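Structural overview
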Amino acid sequence: GTDWKHPDLIDNIYFNPNEIPNNGIDDDNNGYIDDVNGWDFVGEITTSGQLAPDNDPGPTSTQNNHGTHVAGCASAVTNNSLGIASIGFNTKLLPVKCATDSYSGYRINGFAGVVYAAENAADIINCSFGGRGYNPAEQEIINSITEMGILVVASAGNSRQNMDEESIYPAGYNNVLSVGSFASTNVVAKSSNYGVRT
């Protein structure tokens, strides 16, 4: 999730103009009630094992700050005397949460979130998640989104693994820009996956 109310992000958070806030109605008929600033596809899993999605894509656990960190890198407001300046200083962010409120360390409904972002006019979709296992249905979703002119970016992962030997997905799918990390010395970070795909 993303702390979309963060003072260094709030001015760049997407606002759905076709949804009336907090009226309990799906005004734009997209299947999501009051999704004014994004959507939480999981919420907290109920005692019966059901998901409880809601319209607050923010994290409820202080342990889960990854989405906020990534959002800040992408589009923290610039020249506001707060926090940091980002590379996309005035880019609009559409927060989509695909993990439990208590943060279990894994994603649920990640590709439902990808589709939601694509259907809500995203130009770039960031997937800061990944795991082993190719899924042809997910590749088809990526293909369809790419045909819409949308760029999908995904994390290569943090297990110091050669992606040419064993891929992590969605980073390993065709039509995905896979990104790793590097250290301040301009070498691949010790934790980052790496490799060259053609």
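Residues numbered from 1 in each chain as written. Predicted model: local features only at pLDDT ≥ 70, side-chain atom pairs only at ≥ 80, totals over all residues. Heavy atoms only, no water.

Attention now goes to the packing of helix α2 (residues 110-119) against helix α3 (residues 136-147). Axis separation between α2 and α3 bottoms out at 11 Å; the angle between their running directions is 15 degrees. Here α2 is positioned roughly parallel relative to α3, judged by the angle of their axes. As α2 runs across α3, the sense of the crossing is left-handed. Residue-level inspection shows Phe111, Val114, Val115 and Ala118 of α2 in contact with α3, the latter providing Glu138, Ile141, Ile142 and Ile145. The class makeup of the residues in the contact of α2 with α3 is 7 nonpolar, no polar and 1 charged. (Axes fitted to C-alpha atoms, helices over the stretch in contact; angles between N-to-C directions. Helix = DSSP H or I, 4+ residues; strand = E, 2+ residues; numbered from the N terminus. Parallel < 35°, antiparallel > 145°, perpendicular 65-115°, else oblique. Left-handed = near helix turned anticlockwise from the far one by under 90°. Contact = heavy atoms within 4.5 Å. Nonpolar A, V, L, I, M, F, W, Y, C, P; charged D, E, K, R; others polar.)

Turning our attention to the sheet that holds strand β3 (residues 124-127). If you walk across this open sheet you meet the 3 strands as β3-β4-β5, and the pairing is parallel. The strands lining the two open edges of the sheet, one partner per strand, are β3 and β5 (176-179). Here the average twist between neighbouring strands, direction ignored, is 25 degrees. (Pairing = 2+ DSSP bridges.)

The next thing to look at is the side chain of Thr68. Within the secondary structure, Thr68 is located in helix α1 (residues 66-75). Residue classification places Thr68 among the buried positions, given a relative accessible area of 15%. Excluding its chain neighbours within four sequence positions, the residues that come into contact with Thr68 are Gly1, Thr2, Asp3, His6, Leu9 and Pro59. (Buried < 20%, exposed > 50% of the residue type's maximum accessible area, 1.4 Å probe, protein only.)

Side-chain direction in a regular strand flips from residue to residue, so the side chains alternate between the two faces of the sheet. Pairing geometry for β3 and strand β4 (residues 151-155), over 4 bridges, is parallel. If you follow Ile124 over to β4, its bridge partner there is Leu151. In terms of handedness, the path from β3 via α3 over to β4 forms a crossover that is right-handed. Where β4 and β5 come together, 4 bridges link them in parallel fashion. Its bridge partner being in β5, Ala154 is matched across the sheet by Ser178. (Right-handed = clockwise from strand over helix to strand, strands pointing away.)

On their own, these measurements won't tell you what the molecule is for.
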